[in-house]
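The residues making up each chain are set out below.
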Amino acid sequence: MSAPVYNRVALIGLGLIASSMFWAMKRAGLAGEVTGYARSAETRDTARRIGLCDRVCDSAAEAAEGADLVVLCVPVGAMGAVVQDIESVLKPGATVSDVGSVKAHVIEAVAPHIPDGVHFVPAHPLAGTEHSGPEAGFAELFDNRWSLLVPVEGTDPDAVQRLRDLWEGMGANVDEMDADHHDLVLAVTSHAPHLIAYTMVGVADDLRRVTDSEVIKYSAAGFRDFTRIAASDPTMWRDVFLTNKDATLEILGRFTEELFALQRAIRTGDGEHLHQYFTRTRAIRRGIIEAGQDTDAPDFGRAKKT
Ligand SMILES: NC(=O)c1ccc[n+]([C@@H]2O[C@H](COP(=O)([O-])OP(=O)(O)OC[C@H]3O[C@@H](n4cnc5c(N)ncnc54)[C@H](O)[C@@H]3O)[C@@H](O)[C@H]2O)c1
Ligand SMILES: O=C(O)C(=O)C[C@]1(C(=O)O)C=C[C@@H](O)C=C1
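Remember, it's a predicted structure, so these values are computed and weren't measured experimentally. (Residues numbered from 1 in each chain as written. Chains lettered and ligands numbered in written order. Predicted model: local features only at pLDDT ≥ 70, side-chain atom pairs only at ≥ 80, totals over all residues. Heavy atoms only, no water.)

### Quick look at unusual backbone geometry
For Cys-53, which is not a glycine, the phi torsion comes out positive at approximately 90 degrees. Inspection of the secondary structure assignment puts Cys-53 in the loop between α2 (41-50) and β3 (55-56). Of note, the phi angle at Asn-144 is positive, near 60 degrees, even though the residue is not glycine. Following the sequence through the fold, Asn-144 ends up in the loop between β7 (123-125) and β8 (146-149). (Helix = DSSP H or I, 4+ residues; strand = E, 2+ residues; numbered from the N terminus.)

Shown next, in the form of structure tokens:
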């Protein structure tokens, strides 16, 4: 057990990420008391029933009052409204953070409502599952995953260091990045891939109407992975695309160009193009495994190189 990093932590929005943070903080003794608030009475009841948070409050302001750290764990599009519910109760010296998947938009929506004397340190854990809600969380979610801190210029370095200590205590590796760079990187590694998975599953569903249930019956591993991703929370992902518009459209534009090039290679029988392309992408996967970045990858990925 570590010494608490914060005496009082408030979690606003009690879904997958907040509940995982709660269990991870409890596992390592990182917070004295953790309060929580969720918009729906049903979620608050569930949280009380499963012991999620030391105290579940009936308003965001009640949960945030007196907290040393307040973490906004709601969909990206709701961050601006939520900070306005709590701005008047934030205590001087407190830190406000968030876990949103998009950073420039959150900073734009939240920063104007942070009172003088309160720190704002945006963050984004690069860990999740397709499940959502208060019962989806688990203490190990952040183990050996990245959590990116995106402090705006002039932020107190002690406030940043303290949040870093919290994330490291929850098992994550921490890096810092600026917001625009974050949003471009995540458009490549997370946002565009999710949109592609949503599309692929949508196409298969359309096809299913033609081929009856064969798409589901014979779905192979690759397609199943797409369906896992495409089962992710619709509200969360709607907000991601609406708030990281430019970077996502830029990456999707490039994706479409490559897709057309591959389509052409197939039509013209250009096997050389296809082989070279797949050789390049295979090397990327191997690079990730060799760098120890894919903790889910089986060992044979490292050992066998044909
Ligand atoms: N799921 C992931 O893989 C993942 C990973 C990293 C970061 N994130 C980010 O974390 C945040 C939370 O995601 P999650 O997966 O925990 O979602 P979730 O759906 O499991 O939980 C979201 C919570 O926010 C509440 N909420 C929704 N709208 C609200 C509003 N207008 N006001 C107040 N509360 C509201 C919901 O009731 C729920 O309690 C999002 O910003 C998301 O982008 C998600
Ligand atoms: O593993 C998953 O289910 C995820 O999609 C997690 C994932 C990702 O794309 O890697 C999704 C969104 C986040 O903002 C961070 C992590």
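The discussion continues.
### Looking at the environment of Ala-111
Positionally, Ala-111 belongs in the loop between α5 (104-110) and β6 (119-120). Here the alpha-carbon distance between Ala-111 and Val-152, two residues 41 residues apart in the chain, equals 9.2 Å. Those residues in contact with Ala-111 that lie beyond four places of it in its chain are Val-106 and Phe-120. (Contact = heavy atoms within 4.5 Å.)

### Regarding the environment of Ser-132
By the element assignment, Ser-132 lies in the loop between β7 and β8. Using a relative accessible area of 46% as the deciding quantity, one classes Ser-132 as partly exposed. Residues Ser-132 and Ile-17, 115 residues apart in the sequence, show an inter-C-alpha distance of 8.3 Å. (Buried < 20%, exposed > 50% of the residue type's maximum accessible area, 1.4 Å probe, protein only.)

### Brief notes about the domain arrangement of the protein chain
Domains assigned within the protein chain are domain 1 (6-177) and domain 2 (181-269). Taking only C-alpha atoms into account, the centre of domain 1 sits 29 Å from that of domain 2. Counting from both sides, the interface comprises 17 residues of domain 1 and, opposite them, 15 residues of domain 2. Contact between domain 1 and domain 2 buries roughly 1,200 Å² in total, counting both sides, with carbon and sulfur atoms accounting for 66%. Put simply, domain 1 and domain 2 have one salt bridge between them. The salt bridge involving Arg-228 is made with Glu-130; its shortest N-O contact spans 2.7 Å. (Domains from an automatic or database assignment. Buried area = accessible area lost by both parts, 1.4 Å probe. Salt bridge = Lys/Arg side-chain N within 4 Å of Asp/Glu carboxyl O.)

### Some details on the pattern of salt bridges
Counted by the stated rule, this structure contains 15 salt bridges. One salt bridge in this structure joins Asp-143 and Arg-27, with 2.8 Å as the shortest N-O distance. Of this pair, Asp-143 sits in the loop between β7 and β8 while Arg-27 is found in helix α1 (residues 16-28), placing the two residues 116 residues apart along the sequence. Taking relative accessible area as the criterion, Asp-143 reaches 28% and is therefore assigned partly exposed. A salt bridge links Arg-49 to Glu-135; the shortest N-O distance between them is 3.4 Å. With Arg-49 in helix α2 and Glu-135 in the loop between β7 and β8, this residue pair connects regions lying 86 residues apart in the sequence. Like Arg-49, the residue Glu-135 is exposed in the burial classification. If you follow the salt bridges from partner to partner, you end up with Arg-44, Asp-45, Arg-48 and Asp-58 in one network.

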